[in-house]
Amino acid sequence: MNFDIVIVGGGPAGMAAAVAAWDAGCRDIAVLDREPDIGGILRQCIHPGFGLHKLGRELTGPEYAHVYRQLVLDRGIRVFYETTVTAVSADKLVTARNRDGILKLKAGAVILAMGCRERSRGALNIPGTRPAGVYSAGTAQKLINCEGYLVGKRVVILGSGDIGLIMARRMSLEGAKVEAVCELLPYSGGLTRNIVQCLEDFGIPLYLSTTVTRIHGKNRVEGVTIAQVDENRQPIEKTRRDISCDTLLLSVGLIPENELTRAAGIPMDPATNGALVDEHCQTLVPGIFACGNVLQVHDLVDYVSEEAERAGREAAVYVQTGEEALPWVRVSPGSGVRYVVPQRVHTGGQEDVTLFLRVTQPFGRVCFTVRAGDTVLVSAKRLRAAPGEMERLTIPAGAMKDVKADITVSLEVIS
Amino acid sequence: MKRAITCIVCPRGCAMTVEARDGAFTVTGNACHRGEKHAIGECTNPVRTLTSTVRVANREDTMVSVKSAAPVPKGSIPEIMARIRAASAEAPIAIGDVILSDICGIQLLATKEIR
């Protein structure tokens with residue numbers, strides 16, 4: 001089979017990319033998803049807070065997914081359901097399998113939109129037995145919200161990212177007792193509003209600089225040992241204490257699901273665990289694009305949709321007009337900045353370029369500076385900056401015009 | 001009387017202070033008027049949008065996600081949750097369908113389509 005554009009994944013990124021590619025004039029699009037319906041992880045995120053930025057109203061996850069699902073289906077875009085992609089090649093041959101067997105799809109352009117998955121217990125090396133009752137927070141979320149199975153009655157949550165906080169509230173509402181949320185770092189990675197409405201509303205304690213050092217129980221979790229950690233994140237012996245519980249939820253980070261990307265030989269950024277891309281979301285392999293959480297883990301789905309629309313539009317342009325070999329420069333993080341996406345930017349100043357970045361630790365008042373060599377392109381102040389909140393800085397087309405040197409983004413603390 | 005409140009209206013999370021004097025409230029630390037409204041609400045009648053799930057009786061292992069049509073008083077949440085846990089729904093369900101009418105004066109609406 002031949003398609004102009006093949007999109008791997010039908011979550012928020014894949015759906016928005018498909019709609020944008022169609023609206024840019026491309027009519028020959030296929031979306032491949034391993035689930036029986038499109039919508040991705042949004043379908044299990046039943047809490048509100050989605051769409052304020054992109055759609056101008058506050059929706060739950062399933063409602064947000066439904067909006068984009070309708071846009072995809074109304075356009076008659078071809079969707080392959082329960083279809084798992086097993087390989088993507090650099091010459092844009094996509095191999096997949098479903099009930100009908102093996103599918104080979106030859107694409108003019110490929111958009112990678114596989115999203116991310118959760119870090120698991122294995123990645124943390126928590127010692128102890130291997131009883132039932134240890135779940136990643138997202139797995140527990142799916143079991144409770146989609147299948148109606150309450151995973152436990154007394155719960156400890158490790159990790160205070162937004163998924164962990166949301167699950168603390170959800171378990172409490174369903175009648176479980178959440179004993180504690182432990183966070184290895186001295187600050188929470190979650191939004192302040194979630195600490196208030198998910199923990200404080202339910203009287204759940206949040207222990208910072210604290211981790212789980214052991215899991216107890218033979219067949220089922222019977223408890224965990226927690227301990228405070230020192231500045232090197234090593235447990236402090238005398239602070240160890242046991243909490244009885246029947247369930248441990250892990251909310252300890254998301255990993256972009258890039259096995260297909262790596263196997264295709266697409267160059268990666270070790271800081272994002274996503275592909276290296278230019279400002280059009282195009283990887284270093286021409287005609288292969290990446291967007292959404294497979295490219296960089298986002299805070300809000302609204303920004304996933306926005307990024308995916310850019311990828312969809314640019315993939316349509318690539319199919320319609322072919323590759324343009326324009327000069328480019330590298331973009332790298334400087335002091336205080338952990339990563340910047342895109343990592344390559346075309347020069348010539350044909351359009352504004354927006355950079356997305358995360359800082360290394362929480363800061364108070366800061367000033368971000370984007371420099372090309374010694375030339376300052378953008379300077380922007382913020383009241384505060386935190387790793388949990390993605391920053392965006394836009395370089396105006398005019399400032400990009402004469403850029404010859406590589407670009408760096410750094411921050412300075414304003415006292 | 002002074003009270004510290006962290007705003008939950010938007011992701012910015014302003015650290016606000018509410019001062020009550022003679023039945024009137026003075027809010028400081030808020031960046032917008034929605035914060036002021038929220039802070040006063042927290043002192044008079046705190047409300048939350050409630051989301052949960054209701055079992056779909058005629059589909060195996062299937063839940064329909066629901067939300068309160070309007071924010072509900074915090075104190076009524078345990079009672080509403082008890083009603084939600086006892087409820088069931090029948091597919092097909094469209095988004096916006098009323099799953100429970102009048103629990104503590106509000107409606108519970110479906111947020112997911114079940115075919």
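Residues numbered from 1 in each chain as written. Chains lettered and ligands numbered in written order. Predicted model: local features only at pLDDT ≥ 70, side-chain atom pairs only at ≥ 80, totals over all residues. Heavy atoms only, no water.

Thoughts on the interface of chain A and chain B
Next, step 1: The partner chain B presents 29 residues to the 28 residues of chain A that form the contact.
Next, step 2: At the boundary of chain A with chain B, the tally comes to six salt bridges.
Next, step 3: Salt-bridge contacts for E174 of chain A lead to R85 of chain B; the nearest nitrogen and oxygen are separated by 3.9 Å.
Next, step 4: Our count for the contact surface shared by chain A and chain B stands at 13 residue pairs in polar contact (both at pLDDT 80 or more).
Next, step 5: Of all the elements in the fold, those that place two or more residues in the side of chain A that touches chain B are α2 (61-74), α3 (137-145), α4 (162-173) and α5 (192-199) of chain A.
Next, step 6: Split by residue class, the side of chain A that touches chain B holds nine nonpolar, eight polar and 11 charged. (Contact = heavy atoms within 4.5 Å. Salt bridge = Lys/Arg side-chain N within 4 Å of Asp/Glu carboxyl O. Polar contact = N/O pair within 3.5 Å; in protein donor to acceptor, adjacent residues only side chain to side chain. Helix = DSSP H or I, 4+ residues; strand = E, 2+ residues; numbered from the N terminus. Nonpolar A, V, L, I, M, F, W, Y, C, P; charged D, E, K, R; others polar.)

Focus on the pairing of strand β2 (residues 15-21) of chain B
All names here are of chain B.
Next, step 1: Pairing of strand β1 (residues 2-6) with β2, which is carried by five bridges, proceeds in the antiparallel orientation. Paired with K2 across the strands is E19, a residue of β2.
Next, step 2: Between β2 and strand β3 (residues 24-28), which pair antiparallel one after the other, the connecting turn spans two residues, and D22 there sits at a positive phi close to 55°. (Pairing = 2+ DSSP bridges.)

Some remarks on the environment of S136 of chain A
Residues and elements named next belong to chain A.
Next, step 1: Checked against the element boundaries, S136 lands in strand β10 (residues 134-136).
Next, step 2: Exposure remark for S136: the relative accessible area of 15% places this residue in the buried category.
Next, step 3: Sequence spacing of S136 and A24 is 112 residues, and the spatial spacing of their C-alpha atoms is 39 Å.
Next, step 4: Apart from residues no more than four positions distant in its own chain, S136 is found in contact with E118 and L250.
Next, step 5: Within the local environment of S136, its side chain forms a polar contact with the side chain of T139, the two groups lying 2.7 Å apart. (Buried < 20%, exposed > 50% of the residue type's maximum accessible area, 1.4 Å probe, protein only.)

A short note on unusual backbone geometry
Across the chain, the bulk of peptide bonds are trans and the bulk of non-glycine residues have phi less than zero.
Next, step 1: Cis geometry is found at the peptide bond from V341 of chain A to P342 of chain A, where omega equals 0°.
Next, step 2: Secondary-structure assignment places P342 of chain A in the loop between β23 (337-341) and β24 (344-346).
Next, step 3: Cis geometry marks the peptide bond from A91 of chain B to P92 of chain B; its omega dihedral reads 0°.
Next, step 4: Position of P92 of chain B relative to the elements: it lies in the loop between β8 (88-89) and β9 (98-103).
Next, step 5: A positive phi angle, close to 55°, is found at D22 of chain B, a residue other than glycine.
Next, step 6: One can find D22 of chain B in the loop between β2 and β3.

Side note on the pattern of salt bridges
Next, step 1: Summed over all chains, the structure comprises 24 salt bridges over all chains.
Next, step 2: Its salt-bridge partner being R115 of chain B, residue D37 of chain A comes within 3.0 Å of it at the nearest N-O pair. Here R115 of chain B lies in the segment after β10 (106-110) and D37 of chain A lies in the loop between β2 (29-32) and β3 (48-50), a pairing that spans two chains.
Next, step 3: By relative accessible area, R115 of chain B is classed as exposed at 57%.

Description of the confidence of the model for chain B
Any region with low pLDDT has predicted coordinates that should not be read closely.
Next, step 1: Of all residues in chain B, 100% attain a pLDDT of 70 or more, and the chain-wide mean is 91.
Next, step 2: Overall fold confidence (pTM) sits at 0.94, and the ipTM for the predicted complex is 0.91. (pLDDT = per-residue confidence, 0-100.)

Description of the sheet that holds strand β6 (residues 63-68) of chain B
Residues and elements named next belong to chain B.
Next, step 1: Across the sheet, which stays open at both edges, the five strands sit in the order β8-β5-β6-β10-β9 with mixed pairing between neighbours. The strands lining the two open edges of the sheet, one partner per strand, are β8 and β9.
Next, step 2: Where β9 and β10 come together, three bridges link them in antiparallel fashion. Bridging across to β10, I103 finds its partner in I106.

As for helix α7 (residues 301-321) of chain A
Next, step 1: With 21 residues, α7 of chain A extends 30 Å from end C-alpha to end C-alpha; this agrees with the ideal 30 Å at 1.5 Å per step.
Next, step 2: Downstream of α7 of chain A by a residue or two, G322 of chain A has a phi angle that is positive, lying close to 80°. (Expected span 1.5 Å × (residues − 1).)

Observations regarding the pairing of strand β29 (residues 407-413) of chain A
All names here are of chain A.
Next, step 1: With three bridges joining them, strand β22 (residues 328-333) and β29 adopt parallel strand pairing. In the strand pairing of β29, S332 is matched with T408.
Next, step 2: Two elements, strand β26 (residues 366-372) and β29, share seven bridges in a ladder whose sense is antiparallel. The partner of T369 across the bridge, within β29, is S410.

Let's talk about α3 of chain A
Next, step 1: With seven of its nine residues buried, α3 of chain A lies for the most part within the structure.
Next, step 2: When α3 of chain A is considered as a whole, its buried residues turn out to be A137, G138, A140, Q141, L143, I144 and N145 of chain A.
Next, step 3: Residues of α3 of chain A that are buried sit in contact with β9 (116-118), β10, α4 and β17 (247-250) of chain A together with β5 (51-56) and β6 of chain B.

Things to note about empty space enclosed by the protein
Sizing a probe to match a water molecule and rolling it over the atoms shows the empty space that remains.
Next, step 1: Under the defined criterion, the tally for this structure stands at one cavity of 30 Å³ or more.
Next, step 2: Quantified by volume, the largest cavity comes out at close to 170 Å³.
Next, step 3: Residue lining of the largest cavity: 16 residues in total, with R169 and L173 of chain A together with T49, L50 and T51 of chain B positioned closest to the centre.
Next, step 4: Broken down by secondary-structure element, the contributors of at least two residues to the lining of the largest cavity are α3 and α4 of chain A.
Next, step 5: Sort the elements by how many residues they give to the lining of the largest cavity and α4 of chain A lands first, with four residues.
Next, step 6: For the lining of the largest cavity, the residue count by class is six nonpolar, six polar and four charged. (1 Å grid on protein atoms, 1.4 Å probe; cavity = no way out; pocket = protein on both sides within 12 Å on 5 of 7 lines; lining within 4 Å. Points joined across faces, edges and corners; volume = space filled by probe spheres on them.)

Side note on the nonpolar core
All names here are of chain A.
Next, step 1: If you look at the biggest cluster of nonpolar residues, it comprises 37 residues, and the most contacted ones within it are I5, I7, I29, I111 and C291.
Next, step 2: Every element with two or more residues in this core is listed here: β1 (2-8), α1 (12-23), β2, α2, β8 (101-112) and α7.
Next, step 3: If we skip the residues at most four places from it in the chain, C291 touches A13, A17, I111, L112, A113, E307, A308 and A311.
Next, step 4: Formed by 30 residues, the second largest nonpolar core is a distinct cluster that contains A30, V110, V341 and M390. (Core = buried A, V, L, I, M, F, W, Y, C linked by side-chain atoms within 4.5 Å.)

Quick word on the packing of aromatic side chains
Residue and element names in this part refer to chain A.
Next, step 1: Per the stated rule, a full pass over the model turns up three aromatic pairs over all chains.
Next, step 2: With a centroid separation of 6.1 Å and 90° between ring planes, the pair formed by F3 and F80 is classed as edge-to-face. Separated by 77 residues along the polypeptide, F3 in strand β1 and F80 in strand β5 (residues 78-80) bring together distant segments of the chain. The exposure classification of F3 matches that of F80, with both residues buried.
Next, step 3: Arranged with centres 6.1 Å apart and planes meeting at 75°, the rings of F289 and Y318 form a pair that is edge-to-face. Placement of F289 in strand β21 (residues 288-290) and of Y318 in helix α7 is noted, with a sequence separation of 29 residues between them.
Next, step 4: You can call Y318 buried: its relative accessible area is 16%.
Next, step 5: Directly above the aromatic system of W22 lies the positively charged group of R27, at a separation of 4.2 Å from the ring centroid.
Next, step 6: The ring of Y303 has R392 sitting right over it, with the charged end atom 4.6 Å from the ring centre. (Phe/Tyr/Trp six-rings, centres within 6.5 Å; stacked < 30°, edge-to-face > 60°. Lys NZ or Arg CZ within 6 Å of the ring centre and 35° of its normal.)

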